[in-house]
Amino acid sequence: LTFVSFFDIIKVKEMNNLNIFASVFAAMLLLAFLLSGFFMGKNVKNSSEFDKGGKNTGTLLVAGSIIGTLVGGSSTVGTAQLAFTSGFSALWFTLGSAMGCVLLAVFLAVPLRKSGCSTVVGIVTREYGQTTGIVAGILSSFGLMINLIAQILAANAILSALFPLDFFWGSLISAAMGFLYVFR
């Protein structure tokens, strides 16, 4: 094992004033997100309040949260990068997400709310039994893991554009920031 210094990690290069400004601004913005999540998280009193927002969230806030998740790194940075390398076919992710939101709003939102369940997996478990619920939970977790990987890759692309980081360190820093945000 060798000692890796901070300068080895970021591969310090000569940076002009604009790059330094953008990097400092991005670092401050990331710190602000982490701190806001930390302090807002202190307002959550129990798991039900975290899970359902104390049932005080309105339609616009719920829709904004869902769309905010979709219009994250995977549909902005990831789709732009994929469009550059693969062309028009990159549009399918964004179109599929938009169609999924419409289907959720039209067909699933009211039944999900009336069921008292927090997730579609909860409804599947209640309707079709524990075994089917476990399979649905595993498949849902697999889908979330793919989304998480896409978010880390997108964050890595942003970090490596702002800071001279290689792929490994950009991914590690992105994953660590997400971990700190969730598990503070």
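Coordinates for the structure precede this section.
Keep in mind the model is a prediction, meaning the values are calculated, not measured.

A short note on the overall build of the chain
1) Next: Across its full length, the chain holds nine helices and zero strands.
2) Next: The linear arrangement of helices and strands in the chain, starting from the amino end, is α-α-α-α-α-α-α-α-α.
3) Next: When the accessible surface of the chain is split by element, carbon and sulfur atoms take 74% of a total near 13,700 Å².

Re the layout of surface pockets
1) Next: One number sums up the size of the second largest pocket: a volume of about 1,000 Å³.
2) Next: If you go around the second largest pocket, you meet 27 residues; those closest to its centre are Leu30, Gln151, Ala155, Met177 and Gly178.
3) Next: Where the lining of the second largest pocket is concerned, the elements lending two or more residues are α2 (17-41), α8 (130-162) and α9 (167-183).
4) Next: The element that contributes the greatest number of residues to the lining of the second largest pocket is α8, accounting for ten residues.
5) Next: The class makeup of the residues in the lining of the second largest pocket is 19 nonpolar, eight polar and no charged.

What to know about the environment of Cys117
1) Next: Along the chain, the position of Cys117 falls in the loop between α6 (91-115) and α7 (120-128).
2) Next: Non-local contacts of Cys117, meaning those with residues more than four positions away in its chain, are made with Leu112, Gly122, Ile123 and Arg126.

Thoughts on the pattern of salt bridges
1) Next: With the rule as written, the count across this model stands at one salt bridge.
2) Next: A salt bridge links Arg126 to Glu127; the shortest N-O distance between them is 3.7 Å.
3) Next: Here Arg126 falls in the partly exposed class, since its relative accessible area comes to 48%.

A few points about α9
1) Next: The end-to-end C-alpha distance of α9 is 24 Å, a good match for the 24 Å that 17 residues give at a rise of 1.5 Å each.
2) Next: Along α9, the positions that sit buried rather than exposed are Gly170, Ser171 and Ser174. Each buried residue of α9 lies within a common arc of 100° when the element is viewed along its axis, so the set occupies one face. In α9, the exposed positions that point more than 90 degrees away from the buried face belong to Phe168, Phe179, Leu180 and Phe183.
3) Next: Its buried side turned inward, α9 meets α8.

Regarding the packing of aromatic side chains
1) Next: The tally for this structure, following the rule as stated, stands at one aromatic pair.
2) Next: Seen from their ring centres, Phe168 and Trp169 are 5.0 Å apart, and the 80° between their planes marks the pair as edge-to-face.

Some details on a nonpolar patch on the surface
1) Next: A contiguous nonpolar surface patch, about 580 Å² in accessible area, is contributed by Val102, Leu103, Val106, Phe107, Leu108 and Val120.
2) Next: For the nonpolar patch, the leading source of residues is α6, giving five residues.
3) Next: Tracing the sequence through the fold places Val120 in helix α7.

Reading the values: rules and limits
Residues numbered from 1 in each chain as written. Predicted model: local features only at pLDDT ≥ 70, side-chain atom pairs only at ≥ 80, totals over all residues. Heavy atoms only, no water. Helix = DSSP H or I, 4+ residues; strand = E, 2+ residues; numbered from the N terminus. Areas by Shrake-Rupley, 256 points an atom, 1.4 Å probe, with all protein chains shown as cover. 1 Å grid on protein atoms, 1.4 Å probe; cavity = no way out; pocket = protein on both sides within 12 Å on 5 of 7 lines; lining within 4 Å. Points joined across faces, edges and corners; volume = space filled by probe spheres on them. Nonpolar A, V, L, I, M, F, W, Y, C, P; charged D, E, K, R; others polar. Contact = heavy atoms within 4.5 Å. Salt bridge = Lys/Arg side-chain N within 4 Å of Asp/Glu carboxyl O. Buried < 20%, exposed > 50% of the residue type's maximum accessible area, 1.4 Å probe, protein only. Expected span 1.5 Å × (residues − 1). Arc of directions from axis to C-beta. Phe/Tyr/Trp six-rings, centres within 6.5 Å; stacked < 30°, edge-to-face > 60°. Patch = residues over 30% accessible without salt bridge, like charges linked within 9 Å, V, L, I, M, F, W, Y side chains within 5 Å.

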